[in-house]
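Chain by chain, the residues run as shown.
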Amino acid sequence: MALAALGVLTFFFLLFYLYVDKLEMSWLVYPTTQTATLQTPKPETSRPAQPIAETIPQSTVQTIAVTYSQTPEIKTSRPVQSTTQSTTPQTLEIENSTSKLQAVEYLNRIRSEEGIPPVQLIDLSVARYRAEYLARTNLFSHYDSEGRHPGYWYTRLDGGLYGVEENLMMIAYGKIAKVNYTYAIHVLVFNDVLSLWGHRDSLLDPCHNYVAMATSYFWNRTYGARYYVVYMVAKWVEWVSPPRYEGGRFTAEGYAAPAMKPEVFAVYYARYESNPASRHSYSYGDLYLCKYLDPPLPCKGVQAPTGVFAVEKTQDGRWHIKINTSVDLDKPGLYTFMIIAEDLRGIKWKPMSLWGYARVGKCRIMLYTVAK
């Protein structure tokens, strides 16, 4: 009898953490010579030791958290994955900023305890859109029904100006759950163990100095889901000419903050995800093009783009960035342009995810995605 009860308990525990996906991570390791080497380490079962070489991520993955209410009003133990619209109207609620501001204050208390600078609230169209999309389709995935990762919608709706990371959470109910952003932040930071602490590291990463939030709900008269979308934002560049891809050329010009020294320009390629409902993490794909900005060196094993790649420190301490390069989009998929900077502030913090050490001292300060 006891074994049967334990089996049932284990079953529901696994359902509770249904949306934990496998680790998909590799790193571009900084060289001791003048070229970089692309490496793909095997996933570890425990937190790896700090590497002896500096690193930048080869791809970025964020997992999804899901919480099920234990109220007896629940009609099902797991959400129904669907790519079709419900006949019941779903909504992105009109809400005041009080709950968001309380959540930001709570997040900043957590960051302060870890010796990490605070974040400010920012409005992003992509956060509102993604929340509405989750409720409208009940497709609980970082990918949309066409297989496009969050970078596509961030670029389309907000210009792809800064570095961002998408974090999602769902609370399943037999009724519509009330809005509580502070609770969502708490779950993403402290109840993230079986999501490999990816949300926790995203929310605490010193690279992120802004946060955008949105919420929505799905309701079909028997089952309800409250969705939270949290975008962590690294806003460090004042653009003179914002990132733009047109006519086969990518251009961008601006000034990065003194603390963020631009180091790498990279382009990643990802195929459209063929089964979005099965994916509970996301990746920007494989390294397609890569070039070091200062000094201007190629990355070993990866084609280097040609054109103008200038980084210069100005009298006021900022970093002037100018990029003008030809990039061929030679196959269908998503191409994500990034600028990765060295964080000169020397902030000491302790990521907990398996791939977290790749975050330390490296900040993605631009993310711009183009679809073909």
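Coordinates for the structure precede this section.
The structure presented is a predicted model; accordingly, all values stated were derived computationally and were not measured.

Conventions we followed
Residues numbered from 1 in each chain as written. Predicted model: local features only at pLDDT ≥ 70, side-chain atom pairs only at ≥ 80, totals over all residues. Heavy atoms only, no water. Helix = DSSP H or I, 4+ residues; strand = E, 2+ residues; numbered from the N terminus. Buried < 20%, exposed > 50% of the residue type's maximum accessible area, 1.4 Å probe, protein only. Contact = heavy atoms within 4.5 Å. Areas by Shrake-Rupley, 256 points an atom, 1.4 Å probe, with all protein chains shown as cover. Disulfide = S-S within 2.5 Å. Pairing = 2+ DSSP bridges. Axes fitted to C-alpha atoms, helices over the stretch in contact; angles between N-to-C directions. Parallel < 35°, antiparallel > 145°, perpendicular 65-115°, else oblique. Left-handed = near helix turned anticlockwise from the far one by under 90°. Nonpolar A, V, L, I, M, F, W, Y, C, P; charged D, E, K, R; others polar. Phe/Tyr/Trp six-rings, centres within 6.5 Å; stacked < 30°, edge-to-face > 60°. Core = buried A, V, L, I, M, F, W, Y, C linked by side-chain atoms within 4.5 Å.

A word on the overall build of the protein
Each helix and strand counted, the protein has six helices and 17 strands in total. Burial status across the protein gives 55% buried among its 372 residues. A separation threshold of at least 6 residues defines the contact pool for the protein, and within that pool the share at least 24 residues apart is 77%. Accessible area of the protein: about 16600 Å², with a carbon and sulfur share of 53%.

A closer look at the state of the cysteines
The full count for this structure, using the stated rule, is two disulfides. A disulfide bridge connects C207 with C363, and the sulfur atoms are separated by 2.0 Å. Since a negative S-S torsion denotes a left-handed disulfide, the C207-C363 link at about -80° is left-handed. Placement of C207 in the loop between α6 (198-204) and β8 (210-219) and of C363 in strand β17 (residues 362-371) is noted, with a sequence separation of 156 residues between them. For the pair C207 and C363, a shared accessibility class is recorded, and that class is buried.

Section: the pairing of strand β9 (residues 224-234)
Of all 11 residues that make up β9, 11 are buried, and the element is covered over most of its length. Alternating residues of β9 divide into G224, R226, Y228, V230, M232 and A234 and A225, Y227, V229, Y231 and V233, and every residue in both groups is buried. Taken together, the 11 bridges between strand β7 (residues 163-173) and β9 define a ladder with antiparallel strand orientation. Opposite E165, over in β9, you have M232 as the bridge partner.

Considering the pairing of β17
Within β17, nine of the 10 residues are buried, leaving the element largely enclosed by the surrounding structure. One ladder, built from nine bridges, connects strand β16 (residues 334-343) with β17; its direction is antiparallel. Bridging across to β17, T336 finds its partner in T369.

Remarks on helix α4 (residues 150-158)
Counting buried positions over the nine residues of α4 gives seven, a clear majority of the element. Those residues of α4 lying buried are P150, G151, Y152, W153, Y154, T155 and D158. Along its buried surface, α4 packs onto α3 (125-137), β7, β9, β16 and β17.

As for the sheet that holds strand β13 (residues 286-292)
What links the strands of a sheet is backbone hydrogen bonding, and the strands pair in either a parallel or an antiparallel sense. Read from one edge to the other, the open sheet built from four strands follows the order β13-β12-β16-β17, with strand pairing classed as antiparallel. With partners counted over all chains shown, the strands left at the sheet margins are β13 and β17, one partner each. The average angle at which neighbouring strand axes cross in this sheet is 20°, direction not considered. Taken together, the 10 bridges between strand β12 (residues 260-270) and β16 define a ladder with antiparallel strand orientation.

Remarks on the packing of α3 against α4
Interhelical geometry of α3 versus α4 gives an angle of 125° and a closest axis separation of 8 Å. In terms of their interaxial angle, α3 and α4 are classed as oblique. As α3 packs across α4, the resulting crossing turns out to be right-handed. Side by side, α3 and α4 meet where S125, V126 and Y129 of the first sit next to W153, Y154, L157 and D158 of the second. A class-by-class count of the residues in the contact of α3 with α4 yields five nonpolar, one polar and one charged.

Overview of the packing of aromatic side chains
Aromatic ring pairs are reported here in terms of the distance separating the ring centres and the angle at which the planes meet. Under the defined criterion, the tally for this structure stands at 16 aromatic pairs. Pairing F218 with Y223 gives two aromatic rings, centres 5.9 Å apart and planes at 50°, and the pair type is tilted. Accessibility classification places F218 together with Y223 in one group, the buried group. Ring plane angle 50° and centroid distance 5.5 Å describe the contact between F265 and F309, whose orientation is recorded as tilted. Linking F265 in strand β12 with F309 in strand β14 (residues 307-313), this pair joins segments that are 44 residues apart in sequence. The class of F265 is buried, set by a relative accessible area of 0%. According to the relative accessible area criterion, F309 is buried, its value standing at 11%.

Regarding the sheet that holds strand β15 (residues 319-326)
The strand order across the open sheet built from four strands is β10-β11-β15-β14, with neighbouring strands paired in antiparallel fashion. Since the sheet does not close on itself, it has two edges, and those belong to β10 (237-246) and β14, each with one partner. Between one strand axis and the next, the sheet turns by 5° as a mean value, whatever way the strands run. Inspection of the sheet shows β14 paired to β15 by seven bridges, in the antiparallel sense. Following the sheet pairing, K313 is matched in β15 by W319.

What about the nonpolar core?
By size, the foremost hydrophobic cluster in this structure holds 74 residues, and its most contacted members are F250, F265, F337, I339 and I365. Those residues within four positions of I365 in sequence are excluded, and the remaining contacts are L161, Y162, G163, A234, W236, V237, A256, M260, I321, I339 and A341. Core analysis: the next-biggest nonpolar cluster, separate from the first, contains 23 residues, L107, I116, V187 and M213 among them.

Keep in mind that these numbers describe shape and distance, not what the molecule does.
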